[in-house]
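# Coordinate analysis (summary)
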Amino acid sequence: MKIEEIKTVAVVGAGNMGHQIALQCALSGFTTVAIDVNPEVLAKAQQFCDSYLPQRVAKGKLSEEAAQKARSLISFSSDMKEAVKDADLVIEAVLERLDLKRKIFADLDKFAPPRAILATNSSYIVSSRIADVTGRMSQVCNVHFFNPALVMKLVEVVQGPHVSDETAQCMLDFCHKIGKMPVHVRKEVDGFLLNRIFAAISKEAQWLLEMGVATVEDIDRACVYGAGHPMGPFRLMDLTGIDLTYDIGMSHFYASGDREDLPTPSVVKKVTEGKLGQKTGEGWYSYKD
Ligand SMILES: NC(=O)c1ccc[n+]([C@@H]2O[C@H](COP(=O)([O-])OP(=O)(O)OC[C@H]3O[C@@H](n4cnc5c(N)ncnc54)[C@H](O)[C@@H]3O)[C@@H](O)[C@H]2O)c1
């Protein structure tokens, strides 16, 4: 597949990441469908588009014509089979669960055209752990966006050993075409580049909290005012979802058997209490106001 052949994009999972990835594709001229099993998530994604585009126009960041065009290019669906049938590229952005992703890729392989590239937005899972359920391994790769996907420029394109050069190049070209800055990760490694670097910082921050060395607020302040980070590790966890930190910790533990990989007690407590960050109105910080 060459970039010129990509006209239609399907994004599976319209949650935190998926709805913004889909809108970015529509804003870049691709016919795009955002798919989710949860009707409330789909309604929220649609509402977001309907408020975001006029806001950008009002701020002078987008022309009225471009906003209308993007809105006409994006649609929403709960029927994955129907929605991916004409897709040239499918980007999966469902929960970070390997079994779920494998099930979805097996279905996508049946429902999407044989030419289509199937990409996963997973934060940590390399595509070779998913691709073998399909009959098109050379067209299955990681295309990893950052949160919020409409704002963050970086996208990691990960080329595992099964991924063809043509697929990797097409995804790098696609990222440029949607206004992103891709990096080509040439070897598969869980967590790719930036999440590995930030996971090390975040884990250290969580243990400093656990040991009572400093508060959430002061650890975040240290990273913002001392290291120039745009936000500290706890604020970042609230943005990405504390459940994601939990899921990643658990999958590391299952892979390594090393207790050090388990989520820290405070992370487990937040998840048990349903305090997952911005999306639930409370995490390390409160967002109720
Ligand atoms: N949150 C982040 O900051 C971030 C950043 C980069 C990558 N990611 C990755 O993106 C993916 C999605 O993360 P998220 O934070 O958007 O999760 P999320 O929980 O906000 O959204 C996931 C969505 O998938 C939907 N879903 C579940 N099963 C489905 C199915 N069978 N068909 C269609 N939709 C289905 C759910 O209803 C939900 O709306 C994960 O793999 C995650 O690792 C997340």
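The rules behind these values
Counting of residues starts from 1 at the beginning of each chain's written sequence and follows it residue by residue. For this predicted model, a pLDDT threshold of at least 70 governs which residues receive local features, and a threshold of 80 or more governs which side-chain atom pairs are given and counted, while totals over whole chains, interfaces and linings are taken from all residues. Side-chain calculation: all heavy atoms of the structure are included, whereas hydrogens and water are not. For Phe, Tyr and Trp, where Trp contributes only its six-membered ring, two rings pair if their centres lie within 6.5 Å, and the inter-plane angle classes them as stacked under 30 degrees, edge-to-face over 60, or tilted in between. For the purposes of this entry, the term helix denotes a DSSP run of H or I that reaches at least four residues, the term strand denotes a run of E that reaches at least two, and both are numbered from the N terminus. Each residue is placed in one exposure class: buried if its accessible area under a 1.4 Å probe, protein chains only, is under 20% of its type's maximum, exposed if it is over 50%, and partly exposed if it falls in between. When the NZ atom of lysine or the CZ atom of arginine is within 6 Å of a ring's centre and also within 35 degrees of its normal, the charge is said to sit over that ring. When DSSP finds two or more bridges between two strands, those strands count as paired. If you view a crossover with the strands going away from you and the path from the first strand over the helix to the second runs clockwise, you call it right-handed. Cavities and pockets are defined on a 1 Å grid built over the protein atoms alone: a cavity is a set of grid points where a 1.4 Å probe fits but cannot escape, while a pocket is an open set with protein on both sides within 12 Å along at least five of seven lines, and lining residues are those with an atom within 4 Å of any such point. Grid points are joined across faces, edges and corners, and a volume is the space filled by probe spheres set on the points. Each residue gets one of three labels, nonpolar for Ala, Val, Leu, Ile, Met, Phe, Trp, Tyr, Cys and Pro, charged for Asp, Glu, Lys and Arg, and polar for the others, Gly among them. Boundary definitions for the domains trace back to an automatic or database domain assignment.

Time to look at the packing of aromatic side chains. In this structure the tally under the stated criterion is four aromatic pairs. Ring geometry for F234 versus W284: centroids 5.0 Å apart, planes at 75°, classification edge-to-face. Placement of F234 in helix 10 (residues 233-240) and of W284 in the segment after helix 12 (265-272) is noted, with a sequence separation of 50 residues between them. Geometrically, the ring pair formed by F253 and Y254 is tilted, given 6.0 Å between the ring centres and 50° between the ring planes. Given a relative accessible area of 21%, F253 falls into the partly exposed group. The ring of Y285 is capped by R235, whose NZ or CZ atom sits 3.7 Å from the centre of that ring.

The next thing to look at is the pairing of strand 8 (residues 181-185). Within a regular beta strand, the side chains point alternately toward one face of the sheet and then the other, so they alternate between its two faces. Examined bridge by bridge, strand 7 (residues 154-158) and strand 8 share five bridges and lie parallel to one another. Bridge pairing in strand 8 places V155 opposite P182. Crossover handedness for the path strand 7 to helix 7 (residues 165-177) to strand 8: right-handed.

All right, on to unusual backbone geometry then. Residue P148 is reached from N147 by a cis peptide bond, and omega for that bond is -5°. Within the secondary structure layout, P148 lies in the loop between strand 6 (140-145) and strand 7. Phi at F192 is positive, roughly 60°, even though this residue is not glycine. Structurally, the position occupied by F192 is in the loop between strand 8 and helix 8 (194-210).

Attention now moves to the layout of surface pockets. If you add up the space inside the second largest pocket, you get close to 240 Å³. Surrounding the second largest pocket, E96, R97, L98, D99, I125, R129, D247, M250, S251, Y254 and A255 form its lining. Considering every element that reaches the lining of the second largest pocket, the biggest residue donor is helix 11 (residues 242-256), with five residues. Each residue belonging to the lining of the second largest pocket can be placed in one class, and the counts come to five nonpolar, one polar and five charged. Residues lining the lining of the second largest pocket come from more than one domain, with at least three contributed by each of domain 1 (3-185) and domain 2 (195-280).

Turning our attention to empty space enclosed by the protein. Inspection of every chain in the model, using the stated rule, returns two cavities of 30 Å³ or more. As a volume, the largest cavity reaches approximately 50 Å³. Looking at the largest cavity, the residues that line it are Y124, I125, R129, D190, S251, H252 and A255. If you tally residues by element for the lining of the largest cavity, the top one is helix 11, at three residues. Class assignment for the residues of the lining of the largest cavity results in three nonpolar, two polar and two charged. Structurally, the lining of the largest cavity is a two-domain feature, drawing no fewer than three residues from each of domain 1 (3-185) and domain 2 (195-280). Roughly 40 Å³ of internal volume is contained in the second largest cavity. Every residue lining the second largest cavity is listed: F198, I201, S202, H229, M231, G232, P233 and L236. The leading source of residues in the lining of the second largest cavity is helix 8, at three residues. Here the residues of the lining of the second largest cavity sort into five nonpolar, three polar and no charged.

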